[in-house]
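Structural features, examined
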Amino acid sequence: MTLLILAAIVLGVLAVTRLSRVYELTAELRGKREWEISDRDGRMNARLFWAFPFAYFGFFLWLTLNYKDSLLPVSASEHGAWTDDLLNFNWVILIAVFFLTNILLFYFAGKYYYRKDRRAYYYPHNNKWELGWTVVPAVVMIGIIIYGLAVWNRIVAPPPAGTAQVELYAQQFNWTARYPGPDGKLGATDFRLINDNNPLGIVTEASIQTRLDELATTIAASEKKLAEQREYLPEENIGKLEDEINHLRRVSARIVNLRTLMMQDIAEKGEDSQYKHGKDDVVLKEFHLPVRRPVELVIRSKDVIHSAYMPHLRAQMNAVPGMSTRIHMTPTITTDSMRTIVQDPKFEFVLLCNKICGANHFNMQMPLVVEQPSDYDAWYTEAMKKPFEGAAQPAAPAATTPAPATTDSTGTATAQATPVTNEPKKN
Ligand SMILES: [Cu+2]
């Protein structure tokens, strides 16, 4: 049906152009010159100029009224209300100017249509008018910019002291959240430590050792393969294998450097070292925030540039590989309240990727739950039971008997011998 309508439109346009050509040719036969405009033509054009704005503004109003419900609902963050006010202020100015200039444009085009008995009045310049239409827009622009900068500075001002941090980690094509443990601080990270058990590359003494062991095993296996098969492997494959081994050795050497740095930092700062904060961090595929409490989001990316976008909270920040970006905000409406506001019992806040980052960009999202502080605290306490390191392994038989505190999967690092959780440190 759509195709038929499209075909009809195309054919209709073609027919009109042909008909107008026929009209031109017959006019020529009647002895009329194509460049001569009759008064009748002029009047017709003038009327069309006056009729057009009605259709034009009518369509504009229809679009506005018809689609106003498709806009985002009321802002669910504190700063979002400020940016919404700023945007609305701009709209009022833009729409007023849009109507005024277009009404004048079509009015004059219609009023001063060509007539044989009328000559154009030569009026090339007027300093007062020039001054007016230069100064008025300039003043309006300056006002918009000052207002905009004031709002921007308010949004990007340093977060209040004691603002909680949550990390959002982007990769093709999903999000991971990391919450600091009871120490309230996110631990250091390094991409070289990323493996199946450490998707965010959290740096701890144990994670460094695990990764070094893992690399040593891989290197040993490759070296064994090389020694056994050197005789009959094609030259090309031998080169590849050697390159691979050298690469892994370089990575190991860098991790050893990292360990030296970490040891120095720990020796200097003790428990305040950033390398001491990672153990109790919690890595989650869930994203919860408490309402009316400021939060700072620390945003990182594993691969390409992504963008953390929370449209309902009017918040967006790029996720750039190799650096941490930050944005802080205070949610003001819980998921439950928003469900009532938009009259949709299934409504969810959502964290989207807003930077086209690859084939599955369209589906790179994570629901965000904004809840009352008491609900959030209960959720957080529950989540804290599975810290990055130090929790009892969730092995089924062990659940019935208390697991020994020192149980751990790696069994390599000295630091692993810490108790199950760091609960006592909670303040
Ligand atoms: Cu993305």
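Described below are features of the structure shown in this document.

Conventions used here
- Residues numbered from 1 in each chain as written.
- Predicted model: local features only at pLDDT ≥ 70, side-chain atom pairs only at ≥ 80, totals over all residues.
- Heavy atoms only, no water.
- Axes fitted to C-alpha atoms, helices over the stretch in contact; angles between N-to-C directions.
- Helix = DSSP H or I, 4+ residues; strand = E, 2+ residues; numbered from the N terminus.
- Parallel < 35°, antiparallel > 145°, perpendicular 65-115°, else oblique.
- Contact = heavy atoms within 4.5 Å.
- Nonpolar A, V, L, I, M, F, W, Y, C, P; charged D, E, K, R; others polar.
- Buried < 20%, exposed > 50% of the residue type's maximum accessible area, 1.4 Å probe, protein only.
- Arc of directions from axis to C-beta.
- Pairing = 2+ DSSP bridges.
- Donors = N, O, S within 2.8 Å, 3.2 Å for Na, K, Ca; no water.
- Tetrahedral: all angles 85-135°; square planar, octahedral: opposite > 155°, others 65-115°.
- Core = buried A, V, L, I, M, F, W, Y, C linked by side-chain atoms within 4.5 Å.
- Salt bridge = Lys/Arg side-chain N within 4 Å of Asp/Glu carboxyl O.
- Phe/Tyr/Trp six-rings, centres within 6.5 Å; stacked < 30°, edge-to-face > 60°.
- Lys NZ or Arg CZ within 6 Å of the ring centre and 35° of its normal.

To continue, consider the packing of helix H3 (residues 78-111) against helix H4 (residues 127-156). Viewed as axis vectors pointing N to C, H3 and H4 meet at an angle of 170°, and their least axial separation amounts to 10 Å. Taken together, the axis directions place H3 and H4 in an arrangement best described as roughly antiparallel. Counting all contacts with H3, which are made through His79, Trp82, Thr83, Asp85, Leu86, Phe89, Asn90 and Ile93, the residues of H4 involved are Val140, Ile144, Tyr147, Gly148, Val151, Arg154 and Ile155. Along the lines of polarity and charge, the residues of the contact of H3 with H4 split into 9 nonpolar, 4 polar and 2 charged.

Those residues of helix H8 (residues 373-383) that sit buried are Tyr376, Trp379, Tyr380 and Ala383. Seen end-on, H8 carries its buried residues on one side only, within an arc spanning 100°.

Attention now goes to the sheet that holds strand E2 (residues 174-179). Spatial strand order, E3-E2-E1-E5-E8: 5 strands in an open sheet with mixed pairing. The open sheet terminates on both sides in strands that have one partner only, identified here as strand E3 (282-284) and strand E8 (325-329). When strand polarity is set aside, the average angle formed by the axes of neighbouring strands in this sheet is 25°. Judged from the 5 bridges that link them, strand E1 (residues 164-171) and E2 form a sheet pairing that is antiparallel.

What follows concerns the coordination of the copper ion. Within the first shell, the copper ion binds the protein through His306 (ND1), Cys353 (SG), Cys357 (SG) and Met364 (SD), at distances of 2.0 to 2.8 Å. With 4 donor atoms in place around the copper ion and angles of 90 to 124° between them, the coordination shape is tetrahedral. All donors of the copper ion come from a single chain, and their spacing in sequence reads H-x46-C-x3-C-x6-M. By the burial criterion, Cys353 is buried, and Cys357 matches it.

Attention shifts here to the nonpolar core. Grouped together as the largest cluster of nonpolar side chains are 38 residues, with contacts concentrated most on Leu168, Trp175, Tyr179, Phe287, Leu297 and Met310. When residues of this core are assigned to their parent elements, the largest contribution, 4 residues, is made by H8. Listed in part, the 19 residues of the second largest apolar core include Val203, Leu215, Ile219 and Val251.

Here we come to the sheet that holds strand E6 (residues 306-310). Across the sheet, 5 strands lie side by side as E4-E10-E9-E6-E7; this open sheet has mixed pairing. Since the sheet does not close on itself, it has two edges, and those belong to strand E4 (287-290) and strand E7 (315-319), each with one partner. Direction aside, the axes of adjacent strands within the sheet are offset by 25° on average. Each of E4 and strand E10 (365-371) is contacted by H8, which is oriented at about 140° to E4, the strand it contacts most.

All right, on to the pattern of salt bridges then. All chains considered together, the criterion is met by 16 salt bridges. A salt bridge links Glu205 to Lys276; the nearest nitrogen and oxygen atoms lie 3.7 Å apart. On the criterion of sequence distance, the pair formed by Glu205 in helix H5 (residues 205-229) and Lys276 in the loop between helix H6 (235-269) and E3 is long-range, its members being 71 residues apart. For Lys276, a relative accessible area of 19% puts it in the buried group. Across the pair Arg211 and Glu214 runs a salt bridge whose closest N-O atoms are separated by 2.5 Å. On the criterion of helical spacing, the pair formed by Arg211 and Glu214 is a turn pair, its members being 3 residues apart in helix H5. Under the relative-accessibility criterion, Glu214 is labelled partly exposed at 31%. Ionic contacts of the salt-bridge type, sharing partners, join the residues Glu167, Arg178, Asp281 and Arg300 into one network.

Turning to the packing of aromatic side chains, a few remarks are in order. The final tally for this structure, using the stated rule, is 23 aromatic pairs. With a centroid separation of 6.1 Å and 25° between ring planes, the pair formed by Tyr376 and Tyr380 is classed as stacked. Here Tyr380 and Tyr376 lie together in helix H8, a separation of 4 residues that amounts to about one turn. Assigned by exposure class, Tyr376 and Tyr380 land together as buried. Through pairs of rings, three or more aromatic residues link up here, namely Phe49, Phe52, Tyr56, Phe57, Phe60, Phe98, Phe99 and Phe106. Sitting over the face of the ring of Tyr113, Arg118 holds its NZ or CZ atom 5.8 Å from the ring centroid. Sitting over the face of the ring of Trp82, Arg154 holds its NZ or CZ atom 3.8 Å from the ring centroid.

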